[in-house]
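The residues making up each chain are set out below.
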Amino acid sequence: MPHGTLPALDIEHTLAALTLEEKASLLSGHDFWNTPAIERDGVHVPAMLLTDGPHGVRKQRADGNEVGLGDSEPATCFPTAAALGSTWDTNLTTRVGEALGREARTLGLSVLLGPGANIKRDPRCGRNFEYLSEDPVLSGDLAAALINGIQSQGVAASLKHFAANNQETDRMRVNADVDQRTLREIYLASFERAIKASNPWTIMCSYNKINGTYASQNHWLLTEVLREQWGWDGLVMSDWGAVRDRVPAVAAGLDLEMPSSWGRSAALVIDAVRAGALDEAVVDVAVRRLLDLISKCAAVQDAAGTSTAPAVDHAAHHLLAREAAAAGTVLLRNEPVGPDAAPLLPLAGPDGVVVIGEFARTPRYQGAGSSQVNPTELATALEAFADAWGSPVPFAPGFTLAEGPTTDATPEALRSEAVALAASAATVVLFLGLPAAAESEGFDRTHLSLPVDQLALLDAVAQVNAHIVAVLSNGAVVTLSEWQHQTPAIVEAWLSGQAGGAGIVDLLTGTVSPTGRLAETLPVRLEDVPSFGAFPGELGTVRYGEGLSVGYRHYDLRGAAVAYPFGFGLTYTSFAIDAVDAVVTGVGAHAAVTVTARVTNTGGRAGTEVVQVYIGDPESLVARPVRELKGYARVTLEPGEASTVTVELDSRALAYWHPTLERWAVEGGAFTVEVGASSRDIAASVTIDVEGDDISTPLHELSTMREMRANPKTAAEAERIVSHLDVGMLAMVDDFPLTVVADFGIAGFDRAALARAIETAGA
Ligand code: BGC
């Protein structure tokens, strides 16, 4: 413990000294951002300050408004999760987390409200910019990296929004109707992976219902899954205003309600305890978790309760934000052009280059809502070009951001000026993207198109100059298929934080080479997305009818075209992946796979490859995605250099959630191990044989013949019964309940034989 810090809080002593009234009061916020303090003889419970998150600290100043938005203390605005997701880089993301933790600590925070680990179910979700990926492995890893970084500074992270909060429409009430496999394998898996790799001190539950019960009072979610099955022991807080019924919420495992309920919840809790409806021991569990959190966070405060953190080096954090912005930018397209068939990027220098697009001067670098940060400084691409090249680059705004997202509000003079500039240039760097009004926390988009006036500008510019580099700033996916033929080069920069303008220019000029890879699929059309037609639901319910087919899992199942696949990203060099091998050790839940592959830089510049490992289980009792990302490795190589990467997988990489057994199951048999540079660029595939664990389920009278055949203990008897059936008959009989097989007397199987089979199969 650093010199001058408080003595450790004696949790049990404090708990014993607190009255029921005091304990109940501690379980709701004191105000919008603080927990209550209790100071009296022998009892000292300090308040904690909780503040957003997730990509910068938003410590509200006194003049913020009643929903906690408004002016906040300056803090570094790091790239949003959409951009951090595309880094696929846990080391870099941990460093961003550390910087977030340092700023949080210096501003006196105990808890930073982030990161978000919700899966990007649909590109229309207004809050996708706050989420990392459509894939639970990538999302879980990067969330863990942020949490580890934040908490290394003695500040708690709050992993949010737990769970199945994948849309903004009706987010405070909507019932997410999701089957168990989909929950476990996709939506909960992202949180589970993050929790197991980082142990966040707090988790924030979501507003919505999950299969009929609000997350805030969902005992299955908050106690059975989170604590009993995953073994996590931190504090659950509510999203702001997510508590509907405080007493069942306490019983479900929701420890802290935020913000204040002005005494109403405390009174309900006290009454319930006095009436015998709520055990005081349950209240004690929640208070103990709160005291535990206070003591974890108190290590960074001195005896006067003020932070012991050193001053933050904001210039260094801005540089880190710049590095992360470049790393999260994905080079989507870089086609050869002109007589020498050279790609436009990296730009060789200022000669003949002009910049068009208001975003180059007025960057769109963060999203709207609770994550909005008051940046310490703001880099624009225009300034960054001038810094890089020593003189200003010719510029025309081309469109205005003043009007709404769908109308063509650009004055003709503005467009003509831009077209004239483009006509005079060798290369046009055209900044396009979504205006702030198009996407935000609180609502979802209805389409994926860029604004009409920007597309009109692109059309006009393309008519006078074919050498266009499009740079995109948007928090969630936009469609490109309708316009990308006009731009030989496309860079997706997402919402890349306060230093984004500089980070993008670093990449365009080649100071930094592109390493970003897509953390989500870019679809050809909105109509192709898996949840099209089932988003955002109706009459208070959203059915996750696409099940496991989220993101690339959906497109791969159908063999459907995409604009750019999950995992994709170009570099300024080229790589070859070969010598792929996979070795299995262990059995069932103890199985492990070591995957190795050789990567060679076959191009002319240094660069980084992200080698991706996908697993498939082509033969299974249950439907499994064609391929699922299970691991990846980064390798940076000089031209001509080769290196062997190793990816270690545990049995979860092979398992599915067995809804009857209610546990993870490794079904024995052949699995494919695919290694490549994206989900659609598989360099090599090898097959491994895995010895599974026992996944037989008990038989009962209405089990089917298929289930009797699948159970190893009854398989031989079942095969005897069906052995004389032809293929068509077998298909029919396979789905007969065993009572029907017995009553039809197939191959002498009768009710007595059925009873014996049930006994043989065992519990
Ligand atoms: C958001 C949370 C945020 C909280 C506090 C809620 O509306 O959903 O992500 O942390 O407000 O601002």
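Look up: the structure comes first, before these words.
Description of the structure in this document.

Calculation rules
Residues numbered from 1 in each chain as written. Predicted model: local features only at pLDDT ≥ 70, side-chain atom pairs only at ≥ 80, totals over all residues. Heavy atoms only, no water. Helix = DSSP H or I, 4+ residues; strand = E, 2+ residues; numbered from the N terminus. Rg over C-alpha atoms; globule rule 2.2 N^0.38 Å. Buried < 20%, exposed > 50% of the residue type's maximum accessible area, 1.4 Å probe, protein only. Contact = heavy atoms within 4.5 Å. Areas by Shrake-Rupley, 256 points an atom, 1.4 Å probe, with all protein chains shown as cover. Lys, Arg positive; Asp, Glu negative; His and termini not counted. Charge placed at Lys NZ, Arg CZ, Asp CG, Glu CD. Near = heavy atom within 4 Å. Polar contact = N/O pair within 3.5 Å; in protein donor to acceptor, adjacent residues only side chain to side chain. Nonpolar A, V, L, I, M, F, W, Y, C, P; charged D, E, K, R; others polar. Pairing = 2+ DSSP bridges. Phe/Tyr/Trp six-rings, centres within 6.5 Å; stacked < 30°, edge-to-face > 60°. Axes fitted to C-alpha atoms, helices over the stretch in contact; angles between N-to-C directions. Left-handed = near helix turned anticlockwise from the far one by under 90°.

When you go through the chain residue by residue, the secondary structure sums to 21 helices and 28 strands. Over its C-alpha trace the chain gives a radius of gyration of 28 Å, about what one expects of a compact globule, namely 27 Å for 763 residues. Expressed as lengths along the three principal axes of its C-alpha atoms, the size of the chain is roughly 90 × 80 × 50 Å. The burial tally for the chain puts 60% of its 763 residues in the buried class. For the chain, restricting intrachain contacts to residue pairs at least 6 apart in sequence, the fraction spanning at least 24 positions comes to 75%. Of the accessible surface of the chain, which amounts to about 27,300 Å², a share of 53% is contributed by carbon and sulfur atoms. Distance from the positive charge centre (54 side chains) to the negative charge centre (94 side chains) of the chain: 2 Å.

Surveying the vicinity of the ligand reveals 14 residues, the closest of which are D52, R127, H161, Y207 and D239. Note that an oxygen atom of the ligand is positioned 2.5 Å from one of the side-chain N or O atoms of D52. Take K160: an N or O atom from its side chain is 2.9 Å from an oxygen atom of the ligand. Taken by itself the ligand offers 310 Å² of open surface, and the protein chains cover 94% of this. When its residues are assigned to classes, the shell around the ligand shows 5 nonpolar, 2 polar and 7 charged.

Most of strand β23 (residues 628-637) sits inside the fold, with 8 of its 10 residues counted as buried. Where strand β22 (residues 607-616) meets β23, 9 bridges bridge the pair, whose relative direction is antiparallel. Note that in β23 the partner of G607 across the bridge is L637.

A word on the environment of P639. Mapped onto the elements, P639 comes out in the loop between β23 and β24 (642-650). Sequence separation between P639 and G603 is 36 residues, and the spatial gap between their C-alpha atoms is 5.8 Å.

Below, the discussion takes up the pairing of strand β7 (residues 202-205). Side-chain positions along a regular strand alternate between the two faces of the sheet. Neither face of β7 is left uncovered, since the one carrying T202 and M204 and the one carrying I203 and C205 both have all their residues buried. Inspection of the sheet shows strand β5 (residues 156-162) paired to β7 by 3 bridges, in the parallel sense. In the strand pairing of β7, L159 is matched with I203. With 4 bridges connecting them, β7 and strand β10 (residues 235-238) associate as parallel partners. Counted as the bridge partner of C205 is S238 from β10.

This part covers the packing of aromatic side chains. Overall, the coordinates contain 14 aromatic pairs when judged by the stated rule. Judged by centre distance (5.0 Å) and plane angle (75°), the ring pair of Y187 and Y544 falls under edge-to-face. Of this pair, Y187 sits in helix α6 (residues 180-198) while Y544 sits in the loop between β19 (541-543) and α16 (552-558), and the two are 357 residues apart along the sequence. Of the residues examined, Y544 reaches a relative accessible area of 4% and is grouped as buried. For the pair Y552 and F566, a centre-to-centre distance of 4.4 Å together with 20° between the ring planes defines the contact as stacked. With Y552 in helix α16 and F566 in the loop between α16 and β20 (575-585), this residue pair connects regions lying 14 residues apart in the sequence. Across the pair, exposure class does not vary: Y552 and F566 are buried alike.

Taken in spatial order, the 3 strands of this open sheet run β20-β21-β24, and their pairing is antiparallel. The open sheet has two free edges, formed respectively by β20 and β24, since each of these has just one partner strand. The average undirected angle you get between the axes of adjacent strands in this sheet is 20°. Direction of pairing for β20 relative to strand β21 (residues 592-601): antiparallel, over a ladder of 9 bridges. Each residue of the ladder has a partner; that of A576, found in β21, is T600.

With that settled, the discussion passes to the packing of helix α13 (residues 412-423) against helix α14 (residues 452-464). Two elements in contact, α13 and α14, have axes whose closest approach is 9 Å; the angle formed by their N-to-C orientations is 35°. The hand of the α13/α14 crossing is right-handed. On α14, the residues touching R415, A418, V419, A422 and A423 of α13 are D453, A456, L457, A460, V461 and V464. Of the residues that constitute the contact of α13 with α14, the class distribution is 9 nonpolar, no polar and 2 charged.

Inspection of the secondary structure assignment puts D141 in helix α5 (residues 136-151). Relative accessible area serves as the criterion here: at 17%, D141 is assigned to the buried category. Here the side chain of D141 touches R193 through a polar contact of 2.6 Å, side chain to side chain. Residues in contact with D141, not counting those within four places in the same chain, are T90, R193 and Y632.

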